[in-house]
Amino acid sequence: MAIVITDECINCGACEPECPNTAIYEGADEWRYSDGTSLEGDVVLPSGKEVNAEEVQEPISDEIYYISPDKCTECMGFHEEPQCAAVCPVDCCVPDEDHVESEETLLAKQAFMHPEG
């Protein structure tokens, strides 16, 4: 499953640079599927969703840091544990019960975004 940042977030920003998928953004910041990935142009995500990787996406939160669930792989393929949760001083990076995914799905998502690795 993806990781979600709860409203206990203190906006310290410790998590953002730790994300190997560039899935974490500051509140109110727009995001793109192409940010920190190999995705370009029109793509079909592993979920079947069709997107343009360079198209600006609306912020998921206006107030606190947030994680794009479509880009979060719980750091699988990169690290043994989610790095955002490992560095969060207030333990607000937790499993997202609304986005449950298997290890196989998370690894496939990682390979899709980073085929060179």
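Residues numbered from 1 in each chain as written. Predicted model: local features only at pLDDT ≥ 70, side-chain atom pairs only at ≥ 80, totals over all residues. Heavy atoms only, no water.

Asker: Where do I start with the overall build of the protein in this structure?
Answerer: Secondary structure summary: the protein contains two helices and six strands in total. In the protein, the succession of α and β elements from N to C terminus is β-β-β-β-β-α-β-α. Relative to the compact-globule value of 13 Å for 117 residues, the protein shows a C-alpha radius of gyration of 13 Å, a close match. Along the first, second and third principal axes, the C-alpha set of the protein runs to 35 × 30 × 25 Å. Looking at the protein as a whole, 40% of its 117 residues are labelled buried. Across the protein, every contact between residues at least 6 apart in sequence was considered, and the portion connecting residues at least 24 apart equals 74%. Distance from the positive charge centre (4 side chains) to the negative charge centre (28 side chains) of the protein: 6 Å. (Helix = DSSP H or I, 4+ residues; strand = E, 2+ residues; numbered from the N terminus. Rg over C-alpha atoms; globule rule 2.2 N^0.38 Å. Buried < 20%, exposed > 50% of the residue type's maximum accessible area, 1.4 Å probe, protein only. Contact = heavy atoms within 4.5 Å. Lys, Arg positive; Asp, Glu negative; His and termini not counted. Charge placed at Lys NZ, Arg CZ, Asp CG, Glu CD.)

Asker: Any chance you could explain the pattern of salt bridges here in plain terms?
Answerer: Side chains bearing opposite charge may pair, as long as their charged atoms lie close to each other. The full count for this structure, using the stated rule, is two salt bridges. Here Asp70 ties to Lys49 by a salt bridge, and the two come within 3.3 Å at their closest N and O atoms. Of this pair, Asp70 sits in the loop between β5 (66-67) and α1 (83-87) while Lys49 sits in the loop between β3 (42-44) and β4 (50-52), placing them 21 residues apart in sequence. With relative accessibility at 26%, the residue Asp70 sits in the partly exposed group. The salt bridge partner of Glu101 is Lys109, with a shortest N-O separation of 3.0 Å. For Lys109, a relative accessible area of 5% translates into the label buried. (Salt bridge = Lys/Arg side-chain N within 4 Å of Asp/Glu carboxyl O.)

Asker: I tried to follow the side chain of Asp96 on my own but got confused; where do I start?
Answerer: With respect to the secondary-structure elements, Asp96 resides in the loop between β6 (93-95) and α2 (103-113). A distance of 2.7 Å separates the side chain of Asp96 from the side chain of His99, its partner in a polar contact. (Polar contact = N/O pair within 3.5 Å; in protein donor to acceptor, adjacent residues only side chain to side chain.)

Asker: Honestly, the state of the cysteines in this entry has me stumped. Any pointers?
Answerer: Put plainly, two cysteines are in a disulfide when a covalent bond ties their sulfur atoms together. Evaluated as defined, the whole model comprises zero disulfides. Cys9 carries a free sulfur, and the closest cysteine sulfur to it, the one in Cys92, is 4.5 Å from it. Among the residues examined, Cys9 registers a relative accessible area of 14% and is labelled buried. Take Cys84: it sits in no disulfide, and the sulfur closest to it among the cysteines is that of Cys93, at 4.1 Å. Given a relative accessible area of 7%, Cys84 falls into the buried group. (Disulfide = S-S within 2.5 Å.)

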